[in-house]
Amino acid sequence: MLRVLVWNEFYHEQTHERAKAIYPHGIHRAIADFLQCDDIQVKTATLEDENCGITKEVLAETDVLIWWGHVRHNLVPNEVVELVRDAVLEGMGMIFLHSAHHSKPFKALLGTSCHLTWRESGDSEVLWVIEPSHPITQGIDRYFTLEHEETYGEPFVIPTPDKLLFIGSFSGGEVFRAGCLFERGNGKIFYFQPGHETFPTFYQAPVQTVIRNAVRFVAPTYRARTGCPHVRKITDEGDYVLKNH
């Protein structure tokens, strides 16, 4: 059983009429509803929860954390960011969606500004599969189309992804690295660009398939804190001595 925590800023769905109409119970609940199945157990947390619903104990019992944020990144305490970062380095899987590219945890893990170009003009988007053999792209044809999505464009100021799985092509002409994989420490990170709050993106079957596949792919295969031990060389007898630094 994979244990997934879906985190959401949960602001627009309470203050913006169009977002409220599309996601009346919040984006986190919409994602949780399509993820919940026989082998995936889903919980949710929001910015409104005490400590953002994130503690060391919660993360220890989370295999994959999914993060959606937009205009309140600055309200996430740095202590929470450090907990998330450390959990990923130890092996927890992480998925960042849409405008979570500017979230504190994403920038802490990637080490860059994560800036991009954008506009809200209702453009359509075609998402092209770059790696058709990858587990995250299974069940997707050569491409799929979103009728409307917020336009993101290059340059996207991130480190070169370990794998690029999707490129988004917008009707206004922009292209964007829309599905990126990274490894940090023992953890795997997937960034997926679709998911603007005023479009029903998370109800689209291909988007749900990608996120479901990503949960299974980034789930931990090895989870442990990596320290910085001081070790003596291996002796003639084949044993070694280590001392914590």
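From a predicted model like this one, the values you see are computed outputs, not experimental measurements. Along each chain, the written sequence defines residue order, and numbers are assigned to residues from 1. Confidence filtering applies because this is a predicted model: local features only for residues at pLDDT of at least 70, side-chain atom pairs given and counted only at 80 or more, and all residues used for totals across whole chains, interfaces and linings. Only hydrogens and water are removed before side-chain values are computed, so all heavy atoms of the structure are retained for them.

What follows concerns the overall build of the chain. For the chain, the helix and strand inventory stands at seven helices and 13 strands. The quantity called the radius of gyration is restricted to C-alpha atoms. Its globule counterpart is 2.2 Å times the number of residues to the power 0.38. Compactness check: the chain gives a C-alpha radius of gyration of 19 Å against a globular reference of 18 Å for 245 residues, within 12% of the reference. In terms of its C-alpha atoms, the chain occupies a principal-axis envelope of roughly 70 × 40 × 40 Å. The contact criterion used is simple: two residues touch if any of their non-hydrogen atoms lie within 4.5 Å. Residue pairs at least 24 apart in sequence account for 70% of intrachain contacts in the chain once pairs closer than 6 positions are excluded. Here, Shrake-Rupley sampling with a 1.4 Å probe gives the accessible areas, and only protein chains in the shown set may cover a residue. On the chain, roughly 12000 Å² of surface is accessible, and the fraction owed to carbon and sulfur atoms is 50%. What counts as a helix is a DSSP run of H or I of at least four residues, what counts as a strand is a run of E of at least two, and both are numbered from the N terminus.

For the rest of this paragraph, the subject is the side chain of His12. In this structure, His12 sits in helix 1 (residues 12-15). With sequence-adjacent residues up to four places away left out, His12 is seen in contact with Ala19, Lys20, Trp68, His70, Val71 and Glu197.

Turning to the pattern of salt bridges, a few remarks are in order. Take a side-chain nitrogen of Lys or Arg and a carboxyl oxygen of Asp or Glu: if they are within 4 Å of each other, that pair is a salt bridge. Under the criterion given, the structure shown has nine salt bridges. One salt bridge connects Asp63 with Arg3, and the closest N-O pair in it is separated by 3.2 Å. Taken together, the positions of Asp63 in the loop between helix 4 (56-60) and strand 3 (64-68) and Arg3 in strand 1 (residues 2-8) put the pair 60 residues apart, joining distant regions of the chain. For the exposure calls, accessible area comes from a 1.4 Å probe over protein chains only, and a residue counts as buried if that area is under 20% of its type's maximum, exposed if over 50%, partly exposed in between. Exposure remark for Asp63: the relative accessible area of 10% places this residue in the buried category. Accessibility expressed as a relative area gives 30% for Arg3, which makes it partly exposed. With its nearest N and O atoms 2.7 Å apart, the salt bridge here joins Asp123 to Arg119. Classification of Asp123 by relative accessible area gives buried; the value is 10%. Ionic contacts of the salt-bridge type, sharing partners, join the residues Arg119, Asp123 and Glu174 into one network.

Here we take up the nonpolar core. Think of a nonpolar core as a cluster: buried Ala, Val, Leu, Ile, Met, Phe, Trp, Tyr and Cys residues, connected wherever their side-chain atoms sit within 4.5 Å. Judged by nonpolar contacts, the single largest core of 71 residues is most densely connected at Leu35, Leu65, Ile66, Trp67, Phe190, Phe192 and Phe202. Residue contacts for Phe190: discarding those within four places in its chain leaves Met94, Ile95, Phe96, Ile136, Leu165, Gly179, Cys180, Leu181, Val210, Ala214 and Val218.

Moving on, we come to the environment of Pro229. The topology assignment puts Pro229 in strand 12 (residues 229-231). For the pair formed by Pro229 and Gln14, sequence separation is 215 residues and the distance between their alpha carbons is 49 Å.

This part covers unusual backbone geometry. With an omega of 5°, the peptide bond between Glu154 and Pro155 qualifies as cis. Looking at the secondary structure, you find Pro155 in the loop between strand 8 (151-153) and strand 9 (163-170). The backbone of Phe10 sits at a positive phi, close to 55°, despite the residue not being glycine. Look at Phe10 and you get buried, because its relative accessible area is 16%.

Our next topic: the packing of aromatic side chains. The criterion for an aromatic pair is that two Phe, Tyr or Trp rings (for Trp, the six-membered ring) have centres within 6.5 Å, with stacked assigned to planes under 30 degrees apart, edge-to-face to planes over 60 apart and tilted to the rest. Per the counting criterion, the structure on display carries 12 aromatic pairs. Aromatic pair Trp7 and Trp67: ring centres 4.0 Å apart, planes at 15°, arrangement stacked. Taken together, the residues Trp7 in strand 1 and Trp67 in strand 3 connect sequence positions 60 residues apart. Judged by its relative accessible area of 1%, Trp67 is buried. Here the aromatic residues Phe96, Phe106, Tyr152, Phe156, Phe176 and Tyr191 are joined through ring pairs into a cluster of three or more. Seen from the ring of Phe217, Lys188 lies directly overhead, with NZ or CZ sitting 5.6 Å from the centre. Distance and angle both matter: a charge sits over a ring if NZ of Lys or CZ of Arg is within 6 Å of the ring centre and within 35 degrees of the ring normal.

Right, let's talk about a nonpolar patch on the surface for a bit. On the surface, Trp128, Ile130 and Tyr143 cluster together to form a nonpolar patch covering roughly 270 Å² of accessible area. Examined against the element boundaries, Tyr143 turns out to sit in strand 7 (residues 143-146). The residues that make up patches have over 30% relative accessible area and no salt bridge, and they are joined within 9 Å when like-charged or within 5 Å when they are Val, Leu, Ile, Met, Phe, Trp or Tyr.

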